[in-house]
Amino acid sequence: MITQPLKKPQRRCWQTALSLAITDPVHLLERLHLSPQAIAYCSKQAFGLRVPLEFVAKMQLHNPNDPLLLQVLPHQLENQATPGFNLDPLQERQQNPMPGLLHKFASRVLLVVSQACAVHCRYCFRRYFPYEDNNPSLKDWEHSLKYIAADPNIKEVIFSGGDPLSAPDRYLTKLVERIAEIEHVKIIRIHTRLPVMIPQRICPELLSWCTKTRLKIIMVLHINHPQELCTALKTQVAQLCAQQILVLNQSVLLKNINDCSQILSELSWKLFDANILPYYLHLLDPVQGSAHFGVATKEVQPLLQQLMTDLPGYLVPKVVREIPGAPYKVPACLSCTQALELPTLT
Ligand SMILES: *Cc1c(COP(=O)(O)O)cnc(C)c1O
Ligand code: SF4
């Protein structure tokens, strides 16, 4: 009889990892060997702390200014009102023709596939989005599918949220099958931060619906700091690349987290090493409670110039901001804004 070698202990599946996320700031701080008394965190909030253990494992111990911790720990500064920062900075409520569908740009529509996220990012521009009205079941997608089928300009359907990958794969499989029936749609793009939190989300079930469809699949990850990239994530991304899935990254420019050219350069190189190309670097949307993450506009241009000096062109992310009513994400340089006759940057 042939004896099998002992199997390595199994990693927890992504659903279990999701359910084990930390939601109590005191637990998080104690895990990082930080004293809760020394930190101005907020304990109770509607959009409270949520962070999976896999992400916590990438944080530094004893460092209250750890760039990953700062992205997730609710801070008392969030309760300050700042002029110009409001609940719906992108005025998306007006571009929401039906629950779950946003159509801002001609050739692509965005579907709010799931309202849940594995993590609550403190700067999130969708934190006040009326998700209760935007959580359709598969049956409710019929209206959205009809809408997409009726507009031949729509080439691409973007899965967003919340985080679309917090939805189960059997649900995503059905949704993709229905979208593939619409001939003029060529691409499904998945905007997700979940694999950054829980790399094992890139699982065989996900790879199965990504590879069985005639649609081209693009995945846009959301990584803000080089410390967020780990070997496990790199390994899972390699599986996507092996299936001809294009993997891109978008970041948000965040004060005291990544607003420095060395960190952004290092991020680009580490992304490249993991087969991920930088796509966008977003300027912060002025959502209430996030003003302390804002980088002054005058600092953006020198930062971008330094990045262009240090990096090959294909590793320089496009620096953009959202301007309500603009027909695309607007490059951060003033001249483009003026050409569009849009409000100038402040
Ligand atoms: C960001 C966004 C897109 C995608 O824009 P690209 O420039 O193609 O990346 C599409 N629809 C909505 C509503 C968006 O917010
Ligand atoms: S994962 Fe994305 S949608 Fe969810 S809280 Fe973070 S930034 Fe917002």
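Now for a description of the structure that goes with this document.

What counts and what doesn't
- Residues numbered from 1 in each chain as written.
- Chains lettered and ligands numbered in written order.
- Predicted model: local features only at pLDDT ≥ 70, side-chain atom pairs only at ≥ 80, totals over all residues.
- Heavy atoms only, no water.
- Salt bridge = Lys/Arg side-chain N within 4 Å of Asp/Glu carboxyl O.
- Helix = DSSP H or I, 4+ residues; strand = E, 2+ residues; numbered from the N terminus.
- Buried < 20%, exposed > 50% of the residue type's maximum accessible area, 1.4 Å probe, protein only.
- Expected span 1.5 Å × (residues − 1).
- Arc of directions from axis to C-beta.
- Contact = heavy atoms within 4.5 Å.
- Axes fitted to C-alpha atoms, helices over the stretch in contact; angles between N-to-C directions.
- Parallel < 35°, antiparallel > 145°, perpendicular 65-115°, else oblique.
- Left-handed = near helix turned anticlockwise from the far one by under 90°.
- Nonpolar A, V, L, I, M, F, W, Y, C, P; charged D, E, K, R; others polar.
- Near = heavy atom within 4 Å.
- Polar contact = N/O pair within 3.5 Å; in protein donor to acceptor, adjacent residues only side chain to side chain.
- Areas by Shrake-Rupley, 256 points an atom, 1.4 Å probe, with all protein chains shown as cover.
- Pairing = 2+ DSSP bridges.
- Right-handed = clockwise from strand over helix to strand, strands pointing away.

1. Looking at the pattern of salt bridges
In step 1: By the definition in use, this model includes ten salt bridges.
In step 2: For Arg 12, the salt bridge identified is with Glu 54, shortest N-O distance 3.1 Å. Within this pair, whereas Arg 12 is found in the segment before α1 (14-19), its partner Glu 54 is found in helix α3 (residues 53-56), the two being separated by 42 residues in sequence.
In step 3: The exposure class of Arg 12 is partly exposed, given its relative accessible area of 37%.
In step 4: Salt-bridge contacts for Glu 322 lead to Lys 329; the nearest nitrogen and oxygen are separated by 2.4 Å.
In step 5: When salt bridges that share partners are traced, they join Lys 104, Glu 322 and Lys 329 into one network.

2. Some points on unusual backbone geometry
In step 1: A cis geometry characterises the amide bond from Gly 161 onward to Gly 162, with omega recorded as 15°.
In step 2: One non-glycine residue, His 33, lies in positive phi territory at about 60°.
In step 3: Along the chain, the position of His 33 falls in the loop between α2 (25-31) and α3.
In step 4: With a relative accessible area of 49%, His 33 lands in the partly exposed category.
In step 5: A positive phi angle, close to 60°, is found at Gln 244, a residue other than glycine.
In step 6: In this structure, Gln 244 sits in the loop between α9 (231-242) and β6 (246-252).
In step 7: A residue is classified by how much of its surface remains accessible, and Gln 244, at 58% relative accessible area, is exposed.

3. Digging into helix α10 (residues 261-273)
In step 1: Between its first and last C-alpha, α10 extends 18 Å over 13 residues, near the 18 Å set by a 1.5 Å rise per residue.
In step 2: The complete set of buried residues in α10 reads Ser 261, Leu 264, Ser 265, Leu 267, Ser 268 and Leu 271. Mapping the buried residues of α10 onto a view down its axis gives an arc of 155°, with all of them on the same face.
In step 3: Those residues of α10 hidden inside the fold are in contact with β6, β7 (277-282) and α11 (297-310).

4. Quick word on the packing of helix α5 (residues 141-149) against helix α6 (residues 169-180)
In step 1: One way to put it is that α5 packs onto α6 with a least axis distance of 11 Å and a crossing angle of 30°. If you check the angle between α5 and α6, you find them roughly parallel. Handedness of the crossing formed by α5 with α6: right-handed. Residues Trp 141, Glu 142 and Leu 145 of α5 lie in contact with α6, whose contacting residues are Tyr 171, Leu 175, Arg 178 and Ile 179.
In step 2: Split into classes, the residues belonging to the contact of α5 with α6 amount to five nonpolar, no polar and two charged.

5. Quick word on α6
In step 1: Under the 1.5 Å per step criterion, the end-to-end length of α6 is 16 Å for twelve residues, consistent within 8% with the ideal 16 Å.
In step 2: Turning to α6, its buried residues are Asp 169, Tyr 171, Leu 172, Leu 175, Val 176 and Ile 179. Viewed along the axis of α6, the buried residues span an arc of 150°, placing them on a single side of the element.
In step 3: Against the buried residues of α6 lie α1, β2 (108-114), α5, β3 (156-161), β4 (187-192) and α8 (204-212).

6. Quick word on the site of ligand 1
In step 1: Around ligand 1, the surrounding shell consists of Leu 102, Lys 104, Phe 105, Arg 108, Leu 110, Ile 158, Arg 189, Tyr 279, Tyr 280, Glu 322 and Lys 329.
In step 2: The contact in question runs from an oxygen atom of ligand 1 to an N or O atom on the side chain of Arg 108, over 2.5 Å.
In step 3: In the complex, the protein chains occlude 93% of the 390 Å² of accessible area that ligand 1 would expose alone.
In step 4: Of all the elements, strand β1 (residues 101-105) adds the most residues to the shell around ligand 1, at three residues.
In step 5: Residues that form the shell around ligand 1 fall into these classes: six nonpolar, no polar and five charged.

7. As for the pairing of β7
In step 1: Of all six residues in β7, five are buried, a share of seventy percent or more.
In step 2: Two strands pair when backbone bridges link them, and β6 and β7 are joined in this way by five bridges, in the parallel orientation. Bridging across to β7, Val 252 finds its partner in His 282.
In step 3: For the crossover that starts at β6, traverses α10 and ends in the parallel β7, the hand is right-handed.
In step 4: Sheet topology places β7 next to strand β8 (residues 318-321); three bridges connect them, and they run parallel. From the neighbouring strand, Tyr 280 faces β8, where its bridge partner is Lys 318.
In step 5: In this fold, the crossover linking β7 to β8 by way of α11 has right-handed handedness.

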